[in-house]
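Each chain, written out:
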Amino acid sequence: MMLPLKENDRPIVKKLLEAGCCARCVLRFCFLEVQSAYRQPYEDTAKELLAFINDEETNVTKDSAVQDQLTKDPPSKKIKLDTAKTDVQAEGDSALVPTVTEEGGARLVKSDVCVVCLGVLQEFCDEAYATKISEVVKAENYQFDTMVLSVSLPAQLSVREVSFLFYFDVLPYRKKSMLLDKDDVIKVKDAFKWIMQGLVSKELGGVSVFEVGVGFTHPETDSDCHFLLILWLNSFEGAHAPNFVLLPFLLFFFRKFPCPPTRPASKCVAQDVQCLHVSVFVAGRYNKFSRTLPQTPWVIDGERRMESSVEELIAAPLLSSFRAKGFNFSSSGREDVDVRTLGNGRPFALELLNPHRARFNKAEIRQLQETINQSSDKIRVRDLQIVSRDAMGHMKEGEEDKTKSYSALIWTQKAIDKDDITFLEETKELKLAQKTPLRVLHRRPLTVRERVIHTMSTRFLDAHHFHLVLRTQAGTYIKEFVHGDFGRTKPNLCDLLKTDTDILELDVEVGVRAKLFCFFILFFT
């Protein structure tokens, strides 16, 4: 293809090349947004820039040795992902770049490292490096459908780019400030992605979203950014915002950093390729049948109190099957360690972090659910399914407005008969004022919460025991309503029965009509 450069770009291209820019950085500073221009082989871009400078495509070079080199196949680049191996390429493996001669013409020479991108757009934007990246990804054995390429670049690239913008602002043929056009300059990161995204996708055969991260460092120029710390500290006045003014910044920059930047002796070093699959979300409902099983790991003062938890029993088979690196567990409410969760179960969701496998059919999901249920008799899972991230938000919606049902075994200090508790069934919409319970005061703020007990029903057992079934507003502290929590809950069952009472057993009953959030967005791949 022919590069869409204009006549007034010619002196700019020459100056960029004189200052040590690579062919692709020349395109960036000419505000060239045609992605195909960056994707073509580097040597082809270099040849076209050479022809553009010489104003004659046939007059590529007067150096016959270099002309012979152009007719050969592009040299193979030995890209190393191992950061410990930073040997400079052999002379025969270097890319060719157009260089301005003393006579004002241009010819192709073996490349120096670009003063702006530090070699990123020279040595790491070809099929050879794409193959290296894809080999690392394939070795990790991820399952994915689409791929996103992320790039981490040394901070000094930004400093060097600003230096070039300053450099061009003082040139006589610039009609307007390049600093004002800095947002139009194509970023190194964008140019890299334009070139490599397609090459890596092609190598991996895929086009769940999967992220491949590549990063670069350049130890030789790490100190390029150090002077900015001094500028930043000097821009503060006490605790006020930065007192940043463009002109003093320009003067400081010119004194502390060369414009254009000095030519580096070495290229960037490629870091290890990082693979990251977007999280997969698995949701369902769980029942808890044990009174010695916490919902989440119970650790006090660094010491674990229970050997397992609901979230761990559910997560273990899922982590193994999805081959995930970790998980985040959340649920619609929680129960105390000695409280059972009965009925249709409590809605929960697991975010599986960086899973290597993401596609499961309905039969495989059912098998996963059965595996969880067979792993322990303390819990049981139902309605297991893969959901979207958006569905997670539905689980917490309107929690304060939900209604919960509880079944409690009550003890009374004073002997009672059946007639002493029947009045509870006639009590409707009982309003409570509950101070934060003493047992959770260490992790929750001190406040008074207004809650409502909608209905109560009783079943007499003996002179000191009866069953109490309550339908309450979500978030009601049932234990505190029963024993009063030293008067912190008003009214309480002690007040109503005029005797000390306590709760011996408590179950939460999740009804059929309780909202299962994961049905909002359900998909199987």
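The structure we're discussing is the one just above.
Residues numbered from 1 in each chain as written. Predicted model: local features only at pLDDT ≥ 70, side-chain atom pairs only at ≥ 80, totals over all residues. Heavy atoms only, no water.

Enquirer: Describe the pattern of salt bridges, naming the residues involved and giving the relevant values.
Expert: Applying the stated criterion to the full structure yields 17 salt bridges. Note that Arg10 and Glu7 form a salt bridge whose closest N and O atoms lie 2.7 Å from each other. In this structure, Arg439 engages Glu480 in a salt bridge whose closest nitrogen and oxygen atoms are separated by 2.6 Å. A residue pair is termed long-range when its members are at least 10 positions apart, and Arg439 in the loop between β14 (430–435) and β15 (448–462) and Glu480 in helix α15 (residues 478–483) qualify at 41 residues. Classification of Glu480 by relative accessible area gives buried; the value is 2%. (Salt bridge = Lys/Arg side-chain N within 4 Å of Asp/Glu carboxyl O. Helix = DSSP H or I, 4+ residues; strand = E, 2+ residues; numbered from the N terminus. Buried < 20%, exposed > 50% of the residue type's maximum accessible area, 1.4 Å probe, protein only.)

Enquirer: Please provide a residue-by-residue account of the state of the cysteines, values included.
Expert: In this structure the tally under the stated criterion is 0 disulfides. Lacking any disulfide linkage, Cys21 is separated from the closest cysteine sulfur, that of Cys114, by 4.9 Å. (Disulfide = S-S within 2.5 Å.)

Enquirer: An account of helix α1 (residues 10–19) is needed here, citing residue identities and associated values.
Expert: Taken as a whole, α1 has its buried residues at Arg10, Ile12, Val13, Leu16, Leu17 and Ala19. Two residues or fewer after α1 comes Gly20, characterised by a positive phi angle close to 105°.

Enquirer: I'd like to hear about the nonpolar core, residue by residue, with values.
Expert: With 63 residues, the main nonpolar core has Leu121, Phe164, Phe192, Met196 and Phe216 as its most contacted residues. When residues in this core are grouped by element, the largest group, 8 residues, is from helix α9 (residues 188–204). Excluding anything up to four places from it in sequence, Phe192 contacts Val120, Leu121, Phe124, Cys125, Tyr129, Leu149, Val151, Gln197, Val214 and Phe216. Counting residues in hydrophobic clusters, the runner-up holds 24 residues, among them Tyr286, Leu350, Ile379 and Leu384. (Core = buried A, V, L, I, M, F, W, Y, C linked by side-chain atoms within 4.5 Å. Contact = heavy atoms within 4.5 Å.)

Enquirer: Lay out unusual backbone geometry with the relevant residues and their values.
Expert: For the bond running from Lys490 to Pro491, omega is -15°, close enough to zero to count as cis. With respect to the element layout, Pro491 can be found in the loop between β17 (489–490) and α16 (493–497). Of note in the backbone geometry, Asn141 takes a positive phi value of approximately 60° without being a glycine.

Enquirer: Any details on the pairing of strand β7 (residues 280–288)? Residues and values, ideally.
Expert: Across the 9 residues that make up β7, a large majority, 9, are buried. Burial of the side chains of β7 extends over both faces: Val280, Val282, Gly284, Tyr286 and Lys288 are buried on one face and Phe281, Ala283, Arg285 and Asn287 on the other. Examined bridge by bridge, β7 and strand β11 (residues 339–353) share 8 bridges and lie antiparallel to one another. Each residue of the ladder has a partner; that of Val280, found in β11, is Leu352. Of the strand pairs in this sheet, β7 and strand β12 (residues 379–387) are connected by 7 bridges, and their pairing is antiparallel. In the strand pairing of β12, Ala283 is matched with Gln385. (Pairing = 2+ DSSP bridges.)

Enquirer: How would you sum up the packing of aromatic side chains? Please name residues and give values.
Expert: Summed over the entire model, instances satisfying the criterion amount to 8 aromatic pairs. Ring geometry for Tyr286 against Phe348: centres 6.1 Å apart, planes inclined by 50°, an arrangement best described as tilted. Here Tyr286, found in strand β7, pairs with Phe348, found in strand β11; they are 62 residues apart in sequence, far enough to count as distant. Considered together, Tyr286 and Phe348 belong to a single accessibility category, that of buried residues. Every member of this aromatic cluster is reached through a ring pair, and the members are Phe124, Tyr129, Phe192 and Phe216. Positioned above the aromatic ring of Phe29, the side-chain terminus of Arg28 is 5.2 Å from the ring centre. (Phe/Tyr/Trp six-rings, centres within 6.5 Å; stacked < 30°, edge-to-face > 60°. Lys NZ or Arg CZ within 6 Å of the ring centre and 35° of its normal.)

Enquirer: Please provide a residue-by-residue account of the packing of helix α12 (residues 310–322) against helix α13 (residues 362–375), values included.
Expert: Packing of α12 against α13 brings their axes to within 9 Å, and their N-to-C directions diverge by 140°. In terms of orientation, α12 lies oblique with respect to α13. Handedness of the α12/α13 crossing: right-handed. In this structure, α12 uses Leu313, Ile314, Pro317, Leu318, Ser321 and Phe322 to contact α13, whose residues at the interface are Leu368, Thr371, Ile372 and Ser375. Its residues placed into classes, the contact of α12 with α13 shows 7 nonpolar, 3 polar and no charged. (Axes fitted to C-alpha atoms, helices over the stretch in contact; angles between N-to-C directions. Parallel < 35°, antiparallel > 145°, perpendicular 65-115°, else oblique. Left-handed = near helix turned anticlockwise from the far one by under 90°. Nonpolar A, V, L, I, M, F, W, Y, C, P; charged D, E, K, R; others polar.)

Enquirer: Give me the lowdown on the environment of Phe486, citing residues and values where you can.
Expert: For Phe486, the position within the fold is in the loop between α15 and β17. Taking the C-alpha atoms as reference points, Phe486 and Pro437, separated by 49 residues in sequence, lie 9.5 Å from one another.

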